[in-house]
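One letter stands for each residue in the lines below.
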Amino acid sequence: GIQVEQSPPDLILQEGANSTLRCNFSDSVNNLQWFHQNPWGQLINLFYIPSGTKQNGRLSATTVATERYSLLYISSSQTTDSGVYFCAVENSGTYKYIFGTGTRLKVLA
Amino acid sequence: ETGVTQTPRHLVMGMTNKKSLKCEQHLGHNAMYWYKQSAKKPLELMFVYNFKEQTENNSVPSRFSPECPNSSHLFLHLHTLQPEDSALYLCASSQRGGRARNEQFFGPGTRLTVL
């Protein structure tokens, strides 16, 4: 089946710093989502981005489907950005999302 | 607030108990999902329902029994669980088919502890 790898696995930042999270996948995908899981376990939708670039405030994401990767950019990070960021991809024709192992982000005040 | 609710939020049960988890979506979606998230592991898909019909059972042990009475409600019935079944159980919904994006929205999860 499709493999989804995220990097880095852990990231510690000072408040105000910028970061880039990466998601690599091993096969063609129909859909791709980025989520933020807060400390209470809730998965919050950040981006639905099977291709192209989107921006939402301090966050932006880019997916290059032909090269099988997606990037999540966090600018001017805040302590509330702490948590785990997951990439999930839907393999073409399967209707199933496969989740990566996540990037655990800690932003220090 | 994602439009997907789950109850209870926390559950502690013994290995001989029977309990049920409930999920309800208010988004008008046609597909619902159960995922399991164990400590330090990625989310694992357990079951998929599309228009109330089960379309995926990801080799889940029979001590987990799903039920989908309609497109808005999903249950996970639990019986004779093991301590290794302790995890966060997440429900999700999406709209599939046609021009729908199949974008998934998640509930807050039920944190289950099996003693």
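It should be emphasised that the depicted structure is a prediction, and the values quoted were computed from it without experimental measurement. (Residues numbered from 1 in each chain as written. Chains lettered and ligands numbered in written order. Predicted model: local features only at pLDDT ≥ 70, side-chain atom pairs only at ≥ 80, totals over all residues. Heavy atoms only, no water.)

### Brief notes about unusual backbone geometry
- Following A:Ser7, the chain continues into A:Pro8 via a peptide bond in cis, with omega recorded as -10°.
- Turning to its location among the elements, A:Pro8 is positioned in the loop between strand 1 (4-7) and strand 2 (10-14).
- The linkage connecting B:Thr7 with the following residue, B:Pro8, adopts the cis geometry, with an omega of -10°.
- When you line up the elements, B:Pro8 lands in the loop between strand 1 (4-7) and strand 2 (10-13). (Helix = DSSP H or I, 4+ residues; strand = E, 2+ residues; numbered from the N terminus.)

### Observations regarding the state of the cysteines
- Enumeration according to the criterion identifies two disulfides over all chains in this entry.
- Each disulfide pairs two cysteine sulfurs, and for A:Cys23 the partner residue is A:Cys87, the sulfurs being separated by 2.0 Å. Every disulfide takes its handedness from the sign of the S-S torsion; for A:Cys23 and A:Cys87 that torsion is -55°, giving left-handed. On the criterion of sequence distance, the pair formed by A:Cys23 in strand 3 (residues 19-25) and A:Cys87 in strand 9 (residues 83-91) is long-range, its members being 64 residues apart. Side by side, A:Cys23 and A:Cys87 carry an identical accessibility label, which is buried.
- Across the disulfide from B:Cys23 sits B:Cys91; the S-S distance is 1.9 Å. Every disulfide takes its handedness from the sign of the S-S torsion; for B:Cys23 and B:Cys91 that torsion is -75°, giving left-handed. You can see B:Cys23 sitting in strand 3 (residues 18-25) and its partner B:Cys91 sitting in strand 9 (residues 87-94), a full 68 residues away along the chain.
- B:Cys68 takes part in no disulfide bond, and the closest cysteine sulfur to it belongs to B:Cys91, at a distance of 9.1 Å.
- For B:Cys68, a relative accessible area of 11% corresponds to the buried category. (Disulfide = S-S within 2.5 Å. Buried < 20%, exposed > 50% of the residue type's maximum accessible area, 1.4 Å probe, protein only.)

So, to be careful, I would describe these as geometric facts and stop short of saying anything about function.
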